[in-house]
Amino acid sequence: MISLVILISGRGSNMAALLDAAGRGDLPVRIAGVVANRPDAAGLATAAAAGVPTCVVDHRAFAGRAEFDAALAEAIDACAPDLVVLAGFMRILGEAFVQRYAGRLLNIHPSLLPAFPGLHTHRRALAEGVRIHGCSVHFVTADLDHGPIVVQAAVPVLDSDDEETLAARVIAQEHRIYPLAVRWFAEGRLQLRQGRVVCAVEQAAHPWLIVPASAAG
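Parameters at a glance
Residues numbered from 1 in each chain as written. Predicted model: local features only at pLDDT ≥ 70, side-chain atom pairs only at ≥ 80, totals over all residues. Heavy atoms only, no water. Helix = DSSP H or I, 4+ residues; strand = E, 2+ residues; numbered from the N terminus. Buried < 20%, exposed > 50% of the residue type's maximum accessible area, 1.4 Å probe, protein only. Contact = heavy atoms within 4.5 Å. Axes fitted to C-alpha atoms, helices over the stretch in contact; angles between N-to-C directions. Parallel < 35°, antiparallel > 145°, perpendicular 65-115°, else oblique. Left-handed = near helix turned anticlockwise from the far one by under 90°. Nonpolar A, V, L, I, M, F, W, Y, C, P; charged D, E, K, R; others polar. Phe/Tyr/Trp six-rings, centres within 6.5 Å; stacked < 30°, edge-to-face > 60°. Expected span 1.5 Å × (residues − 1). Polar contact = N/O pair within 3.5 Å; in protein donor to acceptor, adjacent residues only side chain to side chain. Salt bridge = Lys/Arg side-chain N within 4 Å of Asp/Glu carboxyl O.

**Focus on the environment of Leu18**
Here comes step 1: Take Leu18: it is sitting in helix α1 (residues 13-23).
Here comes step 2: By relative accessible area, Leu18 is classed as buried at 0%.
Here comes step 3: Placed 30 residues apart in sequence, Leu18 and Ala48 show a C-alpha to C-alpha distance of 14 Å.
Here comes step 4: Setting aside residues no more than four positions away along its own chain, Leu18 makes contact with Ile6, Leu27, Ile31, Val85, Tyr178, Pro179 and Val182.

**Notes on the packing of α1 against helix α6 (residues 163-186)**
Here comes step 1: The geometry of α1 relative to α6 is characterised by a closest axis approach of 9 Å and an angle of 50° between their N-to-C directions. Classified by the interaxial angle, the pair formed by α1 and α6 is oblique. Considering only the axes of α1 and α6, their crossing is right-handed. On α6, the residues touching Ser13, Asn14, Ala17, Leu18 and Ala21 of α1 are Ile171, Glu174, His175, Tyr178, Pro179 and Val182.
Here comes step 2: In terms of residue class, the contact of α1 with α6 is made up of 7 nonpolar, 3 polar and 1 charged.

**Here we look at α1**
Here comes step 1: Taken together, the buried positions of α1 are occupied by Ser13, Asn14, Met15, Ala17, Leu18, Leu19 and Ala21.
Here comes step 2: Contacts from the buried residues of α1 go to β1 (2-8), β2 (29-36), α2 (43-49), β4 (83-86), β5 (105-109) and α6.
Here comes step 3: Where α1 ends, the next residue or the one after it, Gly25, has phi of about 85°, a positive value.

**Some points on the packing of aromatic side chains**
Here comes step 1: A complete count under the given rule lists 2 aromatic pairs for this structure.
Here comes step 2: With centroids separated by 5.0 Å and ring planes inclined at 55°, the aromatic side chains of Phe97 and Tyr101 adopt a geometry described as tilted.

**Comments concerning α6**
Here comes step 1: Compared with the 34 Å implied by 1.5 Å per residue over 24 residues, the 34 Å span of α6 between its first and last C-alpha is a close match.
Here comes step 2: The N-capping residue of α6, defined by a side-chain oxygen 3.1 Å from the backbone nitrogen of Glu164, is Asp162.

**Some words on the pattern of salt bridges**
Here comes step 1: Enumeration over the complete set of coordinates arrives at 9 salt bridges.
Here comes step 2: A salt bridge links Arg24 to Asp26, with the shortest nitrogen-to-oxygen separation between them at 2.8 Å.
Here comes step 3: Overall, Arg24 belongs to the exposed group, its relative accessible area being 57%.
Here comes step 4: Judged by its relative accessible area of 38%, Asp26 falls in the partly exposed class.
Here comes step 5: The partner of Arg60 in a salt bridge is Asp58, and the shortest N-O contact between them spans 3.0 Å.

And the structure:
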């Protein structure tokens, strides 16, 4: 069983999905702590209610990114995690921080990377008129939202969609694939080779790209 630290900025719905999966015994992990960069992050209460230690490293209390990153790393290292996951953590992390946790830092992004890195992904997908949208779990690198991809899930973009309806369809898949990626890591199934992820799983049972039935027809 590995230890895990989760970083959040807001309500932490992906954090809650990981907590639920761990509570059901579906994840061989011990969630050692939840760290937020905002003291008003609603996910802190969710984590505390689940008995998970929490702390706040408020980015506004630091003069710059390097100072914040150093304090954040100190809070993380106090939990001695094997894996750090970003669950709606809305801060850009510096290269030194990313290198510190290289190969054990995961993020989930609400698009089919490399399409639509950054913010407002659903709005941009609708504006571009794409017919397939989705989400990606990837290892974090110094390049924003461009790390090696572990698993993705696709959803259809409907003519009737707005940002809210499309986001709801995507986040349901986020809650599905993030626990899956974390379980693969915990089971020692993920390896990074020449900037790509190699995963020792049966692809028929655990495909790299998950397409819900509603998107396949």
